[in-house]
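Structural overview
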Amino acid sequence: MTLYDQCVDLQVKLDAAQTADASVAVVAKARQLVQVLNEASTYLAGIEAFKSRMNIQERPPLDAAAVMEAVRAFRGGLSSHGANAFQHQPAAKLDRVTKEQQARATRWATSRWRELFDPYQPLIERADPDQMVGNSIHRVTAQARAATLTMVKGLDPITKADELKARLGGDDGTAAWLDTIDSIAAQLQQALQAIDAERAALSPEVQQILQMASSEEGFALSDLTTSLLDGLRLAGIDTDLVVRRR
Amino acid sequence: MTAFRNFVCWRDDAVLATTPRDAGSVISDGHFQAIHYPLKVRRRRLEQRSGGTWATETEVMEALKAPLRPDGYLLIPIVGGAGTGKSHLVRWVKGQTQDQPRWESRYLQKNRTGLRRAVEIIIRGLTGPKIEEVREALDAAPAHSEADDVLGERLLDELALLVARPDDLPTHSETPTGGEPLQMRTKLAKELPDVLHDPVVRRKLLAEGAVIPRLVGLALRGRQDGDGLDDDATRFSPSDLPDTFEEIGEASSGARNLLLRLASLSKLKDAAVAVINEALPVAAKRFAVSSQVDLIDVFRDIRRTLHQDGKELVFFIEDLTVLHGVEREFLDAIIEPAHGPDGDMCGLRVLFAVTEHHFDELDTVRTRCEDAYWFDSRYGDDGVDQDDALSFLARYLNAARIAPTAIDEAWTSRHSATWLRNACSQCPHQMACHETFGTSDEGFGLYPFNASAAGRFIQAVSPDRFDPRYVVRDLVNRFLLQAAADMPRGDFPSHSSLEPFDRNSAPLPPLISARIRSLRAIDHERVSNILRYWSDPGSPTRVSEATLDAFGLDDFIRELLSLQTLEGADFSPAPQDAHTPARGDRAEPSATIQSGLKASWRGHFDELSMWAGNNRDLSATATKDLRELVHKTIRENVDNGPTPVNLGDQFNETRFVRDTHIVIHGSVTRQTVENAVVVIGRTETNAAALQGLIIAKELQDLKTQDWPEAAYYRRLAATTVEAWTNDVVRTLIGSPAQSVVCAVHGLIVASAVLGHLTSRPTPADYLEAMFHPADSNDAAPQPVSPDGPPPKWAALVSKARELKPRLLRTIEAEFGESRGTRGGVRAIQADRLLPPVRDFTSTWDPVSDDPAVSAFMRAVLPAADEAWEALSHRVTDVAALVDRDRSWAEQTAKVLTVLRAAHAAGRLQDGTAVDELTRLADINSDRVLRSFYACSDAVAKDNTLPEKLVLLAGDTPDDVAVVHGFAKRAATAVDGIEQDLADRQSAAGGATDSEAAVTLALNAVTRFAGTVESVAS
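Residues numbered from 1 in each chain as written. Chains lettered and ligands numbered in written order. Predicted model: local features only at pLDDT ≥ 70, side-chain atom pairs only at ≥ 80, totals over all residues. Heavy atoms only, no water.

Time to look at the overall build of chain A. Tallying secondary structure elements over chain A gives 9 helices and 0 strands in all. If you list the helices and strands of chain A from N to C, you get α-α-α-α-α-α-α-α-α. The buried share of chain A, taken over its 246 residues, is 36%. Taking all contacts inside chain A whose residues are at least 6 apart in sequence as the whole, residues at least 24 apart take part in 69%. Entry remark: accessible area of chain A is about 13600 Å², with carbon and sulfur atoms responsible for 49%. (Helix = DSSP H or I, 4+ residues; strand = E, 2+ residues; numbered from the N terminus. Buried < 20%, exposed > 50% of the residue type's maximum accessible area, 1.4 Å probe, protein only. Contact = heavy atoms within 4.5 Å. Areas by Shrake-Rupley, 256 points an atom, 1.4 Å probe, with all protein chains shown as cover.)

Put into structure tokens, the structure is as follows:
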């Protein structure tokens, strides 16, 4: 076949491919837009449920007017250009506006969720491993509860609802989650209190050592005496302390 | 009375009787006295090489008669070269003293006196015990009874015995006592006998004319008249021993070893010859006389006997070498004092002839000799003057006019000193003859010479010294015999009779010779000879009418007058080696035509005279300048002539090359005549023509009225140069040289390679292609193909581009026509150029022997084959992709349209394809497809070399490269697009329903809008 003949055939194929490429592109665009719209719709529906469970009266700061305007323009395009409208500007604008509203909703929802943990924040901070000296069981308990609260606080309550459900339990959603959160916080508080009690029972020298060891300066090894070491052993916390280079 | 014309007044038998080689010893007493003329000699010591006082023969005789030395002897040497008259003087003195009282004379002639004969003469008529022993020894000596060949074998055997004991030899020189000479002598003593015994060596030494027969002959019989033997003939020479590989190769092993060393070591060979020569006298004495003879004892015996008789012993020895073999003994004997303890001996007088250096190593003898008398006078006023010479010659001429028997009878019956008559006195032509040709002081007629001719001839044969032998041989013997033959035929004086004098005689001016040649086509030679030799000194045209008439040239008298108009040209340079101008020499005129020339050209002018007249070769400078002058003159003639030639730069370098195409015979310069066009022979006409050219070049303002000969010079030069020009023109318009033919072939091929040749060329097309200027862009590879032209073809094109201008210059030089030396070629001699063109193009065989083009021609076929194969490959590679029935523009446009569409659709992977293909599509779009298919048709059939070259050197390869490059690139791009389409289709899984998509989208929008309202409100 000559080049010329080959090119004639190729031109037909290209034309057909071009046409096919156009249809595929429209469908792809349509699918993409549908996906964006559906995701946004689902999220917003999740917001509704979240508000309801959490008894939040406040509304998310959505721009409904912009949404409606974009919807109108898109629908007008469809009526005028049919499927090709998916490739036109109104479709693109609708896509952008939808994503913006979903982002607003997400910021609002996560903000409301984190606010629930504000009361427990001091307990969480006390459970810092560096700050705790005492019986290891209480220290572990305190640290575990504090970690759970911190991790849960960082999750999106809409999109990560399933994970929250797995960690906080309860089929009815948010209400049960709040109870669980309170319970964990209480356990955290009890563990901290037990640690405080243990600390109070120590000799003043040992407490001073523990205080100095918890400070930035630390406790100098040269200051360690046999009696102090015996006191630490006696308190059962000698193994909690280690020597570090300054 | 017959007329005095070509009169031969001498007799051949008289000439022969008068002119034996050695007049001193062979000639009869009558003739000896008839021809004798007392030549002057110089008296000086033997060891004194020059100077001395003049002496006469009588003084020599008186010296011999003088009182003896106190030792009782008197040794008087006569010294001179061969033929100078030594023997003559010895014989004359002997003749004058034969009646001297109390002298017991012994006369040893040079000729026919061998060693044996010499001893016999010495003891002749004497008696005594020793003398008798000598006689017995002579009778017992091998030479007395054995043949020469046996004696030769015996001589070699004696030599072999003697050289084995060199220390026993009575050597003249001191025996070496150490070092290399002693080593060589010792070695030779061991090995030289083997050489002398070797059969091969003996055959060489004993061969006819070889050294041993010569030595045997000398010892037995002495020299013979005219045998040409000299002192060296009595000795071995290095050349006598075998020295060629062939001669040595056949010798026995022992002899061969030494001969090989002798051949390679000259010192050893000289030493071997010296040892042999030391042994030679002893060996000669043994076989010729007897080893029993002690000459000293014999002399003592003789001298005592003579002393008792009151006599003196007197030796007249014409040549001491007759005593070779006993010379040393003889010399020792004669210097023995007369008075000794063993008694008194007689006085001894010896007059002997020797050559100059004979006693150089014999101080004991030399210092005992009296003053010597030397024959070494020059011819001229400070030696033998012309009057002496004429008298010397005239005596021979007179004797040659008298019957030999008459002379001998007159001598025998003489009563007074005037016993010899003057033959002229009875001649009827005496008066006219003597008036015309003159006489000697003695009144003998000089005819057929005159004083001028005789003077010139004697001068010619006496360049160094007056040489009686040559005078007698050449002026009397040869000349008179030849003249006697020439005169009856009217040929006198012929070239044969004058040949001995030619080289050393002043020539006639070439202009005169040439003029004579033109006037006397038949006998110009003898006329020239008469003017050259018989004319008065100072003028070659002054010859008496009587002289011309006597030689039968009375009809030349009127023509002679016309020659005298060329008198101003009379300049004859003296022969270069003539020491003293003789009476016959001409003096240079005060003003001559050539006196106005610059020194260099005047020198050349003179050289030309001697070149033609004396056979003297021209000097290198004269040859060069004359060739240049001839070259320039001919070139100017050609320029002004009708022959179409190109006189540009190449003319002098190739077409008419001074040093190649002009040859002057008779020059010291080596010249090759193989390619000569103008061959200038050594003739008087050419000499005069060249002199005329010199005058024309250097003396352009010459006034003819001042120099009458100038017109003749001009005519002669013009005529001669025209002939030379015609020779050159014939060459210029003749067949071109093979190198030029090769250049034509090379130029045709180079033109074809450079694309200057059309397909199916006519002869005119070939010429046009050949003269198409070679442009630097000719057949330059176009950047249309990344591969470029095949390397061999590219190299061939490059070579052709470099070669064509050079070949074109050669062709233009050969076949072009220009105006003047600086004008460009304005026409071509197609009639001469086309034959070699046709010859080559009928075969197109690119083979050449000429180194200028052979390498290029050899490269043609391989390069063409390589390029043709590459071209064929390109054509066949894309032939299926190209549509023959559709225009190239349409095809390229379609491809580019599709590729651009594909590119727009993102389906073209080759990002630069569109640009590159667009560029290719724009190159010669109107012709590339036509060229492509023309090439496609061509490669499908057998093609001749020129057909291939025309195609390869034209636009076709570039056009094919364009089509090939486009098609290949486009095909690759199209294939890529096809593949992309297939890949994408497969990935998409088929087409999608857009309506469904719209529906889904609308639903999603509705839901989204609802949700937003719900959440936001």
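In this complex, chain B contributes 45 residues to the contact, which on the side of chain A involves 45 residues. Across the chain B/chain A interface, buried area totals approximately 3900 Å², and carbon plus sulfur atoms make up 72% of it. If you look at where chain B meets chain A, you find 0 salt bridges. Applying the counting criterion to the chain B and chain A interface returns 7 residue pairs in polar contact (both at pLDDT 80 or more). Taken together, the elements giving at least two residues each to the side of chain B that touches chain A come down to helix H40 (888-904), helix H44 (956-988) and helix H45 (994-1016) of chain B. (Buried area = accessible area lost by both parts, 1.4 Å probe. Salt bridge = Lys/Arg side-chain N within 4 Å of Asp/Glu carboxyl O. Polar contact = N/O pair within 3.5 Å; in protein donor to acceptor, adjacent residues only side chain to side chain.)

Let us now look at the environment of Trp 707 of chain B. Examined against the element boundaries, Trp 707 of chain B turns out to sit in the loop between helix H33 (684-698) and helix H34 (709-732). It is 8.2 Å that separates the C-alpha atoms of Trp 707 of chain B and Leu 566 of chain B, two residues lying 141 residues apart in sequence.

Turning to the side chain of Asp 240 of chain B, a few remarks are in order. Residues and elements named next belong to chain B. One can find Asp 240 in the loop between helix H12 (211-221) and helix H13 (245-249). Within the buried core, Asp 240 has no salt-bridge partner, and the shortest N-O distance to an opposite charge, that of Arg 214, equals 4.3 Å. If near-sequence neighbours (up to four positions away) are discounted, Asp 240 is found in contact with Lys 204, Leu 205, Val 211, Arg 214 and Arg 235. (Lys, Arg positive; Asp, Glu negative; His and termini not counted.)

The next thing to look at is unusual backbone geometry. All names here are of chain B. In the segment running from Tyr 447 into Pro 448, the intervening peptide bond is cis, with an omega of 10°. Looking at the secondary structure, you find Pro 448 in the loop between helix H21 (430-437) and helix H22 (451-461). The omega torsion of the bond from Phe 492 to Pro 493 falls at -10°, within 30 degrees of zero and hence cis. Looking at the element boundaries, Pro 493 is found in the loop between helix H23 (468-489) and helix H24 (495-502). Within the chain, Asn 6 stands out as a residue other than glycine whose phi angle is a positive 50°. With respect to the helices and strands, the residue Asn 6 is situated in the segment before helix H1 (12-18). One non-glycine residue, Trp 844, lies in positive phi territory at about 50°. Mapped onto the secondary structure, Trp 844 falls in the loop between helix H38 (830-841) and helix H39 (854-878).

Bringing the pattern of salt bridges into the picture now. All names here are of chain B. Throughout the structure, instances matching the rule amount to 66 salt bridges over all chains. Asp 467 is the partner of Arg 465 in a salt bridge, and the nearest nitrogen-oxygen pair spans 3.3 Å. In this structure Arg 465 comes out as partly exposed when scored by relative accessible area, which is 22%. Residues Asp 625 and Lys 624 are paired through a salt bridge, measuring 3.8 Å at the closest nitrogen-oxygen approach. Under the relative-accessibility criterion, Asp 625 is labelled buried at 19%. Relative accessible area serves as the criterion here: at 45%, Lys 624 is assigned to the partly exposed category. The structure contains a network of salt bridges with shared partners spanning Lys 130, Glu 133, Asp 297, Arg 300 and Glu 336.

What follows deals with the nonpolar core. Nonpolar side chains tend to gather and get buried jointly when the protein is soluble and globular. Residue and element names in this part refer to chain B. In this structure, Trp 10, Phe 457, Phe 479, Leu 531 and Trp 534 are the most contacted members of the largest nonpolar core, which totals 135 residues. With sequence-adjacent residues up to four places away left out, Phe 457 is seen in contact with Phe 449, Leu 475, Phe 479, Leu 498, Phe 501, Tyr 533 and Trp 534. With 89 residues, the next largest nonpolar core counts Ile 131, Leu 155, Val 298 and Phe 315 among its residues. (Core = buried A, V, L, I, M, F, W, Y, C linked by side-chain atoms within 4.5 Å.)

Time to look at the pairing of strand E4 (residues 103-108) of chain B. Residues and elements named next belong to chain B. Most of E4 is tucked away: 5 of the 6 residues are buried. Sheet topology places E4 next to strand E5 (residues 312-317); 6 bridges connect them, and they run parallel. Across the sheet, Tyr 107 pairs through a bridge with Phe 316, a residue of E5. (Pairing = 2+ DSSP bridges.)

Moving on, we come to H12 of chain B. Residues and elements named next belong to chain B. Summarising burial for H12: 8 of the 11 residues are buried, a large majority. On its buried side, H12 packs onto helix H6 (115-123), helix H8 (142-145), helix H9 (148-163), helix H11 (199-206) and helix H15 (266-288). Gly 222 lies just past H12 and shows a positive phi near 75°.

Attention shifts here to the confidence of the model for chain A. For chain A, per-residue confidence averages 83 on the pLDDT scale, and 92% of positions sit at 70 or higher. When pLDDT is averaged over each helix and strand of chain A, the minimum, 81, is found for helix H8 (residues 204-214) of chain A and the maximum, 92, for helix H3 (residues 89-115) of chain A. (pLDDT = per-residue confidence, 0-100.)

As a further point, take helix H17 (residues 327-334) of chain B. Residue and element names in this part refer to chain B. For H17, a buried count of 6 out of 8 residues is recorded, marking the element as mostly surrounded by other parts of the structure. If you check which residues of H17 are buried, you get Glu 327, Glu 329, Phe 330, Leu 331, Ala 333 and Ile 334. Summarising the contacts, the buried residues of H17 are in contact with strand E3 (73-80), H15, helix H16 (295-308), E5, strand E8 (348-354) and helix H18 (363-366).

In this section: the confidence of the model for chain B. Residues and elements named next belong to chain B. Mean pLDDT over chain B works out to 85, with 93% of the residues at or above the 70 mark. In the model, residues 569-590 has pLDDT below 50 throughout and makes 74 contacts with residues more than four positions away in sequence or in other chains. Across the whole predicted complex the pTM is 0.58, and at the interface the ipTM reaches 0.72.

Residue and element names in this part refer to chain B. An order of E2-E1-E9-E3-E8-E5-E4 is seen for the 7 strands of this open sheet, with the pairing classed as mixed. Edge strands, defined here as strands with exactly one partner in the open sheet, are strand E2 (53-55) and E4. Taken pair by pair, the neighbouring strands of this sheet meet at an average axis angle of 25°, ignoring direction. Pairing between E3 and E8: 7 bridges, direction parallel. Residue pairing for E8: Val 79 is matched across the bridge by Val 354. (Axes fitted to C-alpha atoms, helices over the stretch in contact; angles between N-to-C directions.)

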